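Next come the chains, spelled out residue by residue.
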Amino acid sequence: MTVRLRPHHLLCMLTYAGRGYSAAFTANLDAVTERLRSEDILIVAGPDDICAPLLTGPEVDDAHCLAARVEARDSAAARAVASLLHRPVSPGERLMIGQTERERLRAAFKAGTSRAACTGCNWATFCSEIAASDFAGTRLL
């Protein structure tokens, strides 16, 4: 199987510590995080496997994953991650994020050099605190 991720979620997964927009979102992200331990990643444009719980029911009209500002986050994240991994990060590309890649991504995230995509994100402060704690409590080890 393959985990479908939009580019900015490559950064979000680094600091995921079991908190999310709703119980359904968090349960889904826990499942996606578990899958990332053994499955490859397919980069997609727009909503992905993490977004799925936000795209059902009455809240779909307010789903931030459909907003233009999130597409801008994806572009910024794709550039940052591609630079760090020395490979393209664009729709249709497949990635495996192992320990070496995760450490490289987390070092840049902690240093602030890959965080242009985080500008304006409601989770930015929380993620900064996680990074400052050397990613203590994160679900993706």
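This one's a predicted model, so the numbers in the text were calculated from it and none came from an experiment.

**Side note on the pattern of salt bridges**
In step 1: Throughout the structure, instances matching the rule amount to nine salt bridges.
In step 2: We note a salt bridge from Arg35 to Glu39, for which the minimum N-O separation is 3.1 Å.
In step 3: Overall, Arg35 belongs to the partly exposed group, its relative accessible area being 22%.
In step 4: Given the relative accessible area of 14%, Glu39 is considered buried.
In step 5: The shortest N-O distance in the salt bridge between Asp40 and Arg94 comes to 3.2 Å. Here Asp40 is found in strand β2 (residues 40-43), whereas its partner Arg94 is found in strand β3 (residues 94-95), with 54 residues between them in sequence.
In step 6: Connected via shared salt-bridge partners are Arg4, Arg35, Glu39 and Asp49.

**A few points about the nonpolar core**
In step 1: Ranked by size, the top nonpolar core spans 39 residues in total, and within it Leu5, Leu10, Leu11, Leu36, Ile41, Val89 and Phe109 carry the most contacts.
In step 2: Elements represented by at least two residues in this core include exactly β1 (2-5), α1 (9-15), α2 (23-36), β2, α3 (68-85), α4 (99-111) and α5 (124-132).
In step 3: It is α3 that contributes the most residues to this core, seven residues altogether.
In step 4: Ignoring any residue separated from it by four or fewer positions in sequence, one finds Leu10 in contact with Leu5, Ile41, Ile43, Val81, Val89 and Leu95.

**As for the packing of α3 against α4**
In step 1: Direction vectors running N to C along α3 and α4 enclose 125 degrees, while the axes themselves pass 10 Å from each other. Taken together, α3 and α4 sit at an angle that is classed as oblique. For α3 against α4, the interelement crossing comes out right-handed. Between α3, through Val81, Leu84 and Leu85, and α4, the contact on the second element is made entirely by Glu101, Arg104, Leu105 and Ala108.
In step 2: Of the residues belonging to the contact of α3 with α4, the class tally is five nonpolar, no polar and two charged.

**Quick word on α2**
In step 1: Over its 14 residues, α2 extends 20 Å from the first C-alpha to the last, a length consistent with the 20 Å expected when each residue adds 1.5 Å.
In step 2: Next to the buried residues of α2 lie β1, α1 and β2.

**Some remarks on the layout of surface pockets**
In step 1: Considering only enclosed or pocket space, the largest pocket measures out at about 490 Å³ in volume.
In step 2: Lining the largest pocket are 32 residues, with His8, Cys12, Tyr21, Cys121 and Trp123 positioned closest to its centre.
In step 3: For the lining of the largest pocket, the elements supplying multiple residues, two or more each, are α1, α2, α3 and α5.
In step 4: With four residues, the single largest contributor to the lining of the largest pocket is α1.

Cut-offs and rules
Residues numbered from 1 in each chain as written. Predicted model: local features only at pLDDT ≥ 70, side-chain atom pairs only at ≥ 80, totals over all residues. Heavy atoms only, no water. Salt bridge = Lys/Arg side-chain N within 4 Å of Asp/Glu carboxyl O. Buried < 20%, exposed > 50% of the residue type's maximum accessible area, 1.4 Å probe, protein only. Helix = DSSP H or I, 4+ residues; strand = E, 2+ residues; numbered from the N terminus. Core = buried A, V, L, I, M, F, W, Y, C linked by side-chain atoms within 4.5 Å. Contact = heavy atoms within 4.5 Å. Axes fitted to C-alpha atoms, helices over the stretch in contact; angles between N-to-C directions. Parallel < 35°, antiparallel > 145°, perpendicular 65-115°, else oblique. Left-handed = near helix turned anticlockwise from the far one by under 90°. Nonpolar A, V, L, I, M, F, W, Y, C, P; charged D, E, K, R; others polar. Expected span 1.5 Å × (residues − 1). 1 Å grid on protein atoms, 1.4 Å probe; cavity = no way out; pocket = protein on both sides within 12 Å on 5 of 7 lines; lining within 4 Å. Points joined across faces, edges and corners; volume = space filled by probe spheres on them.

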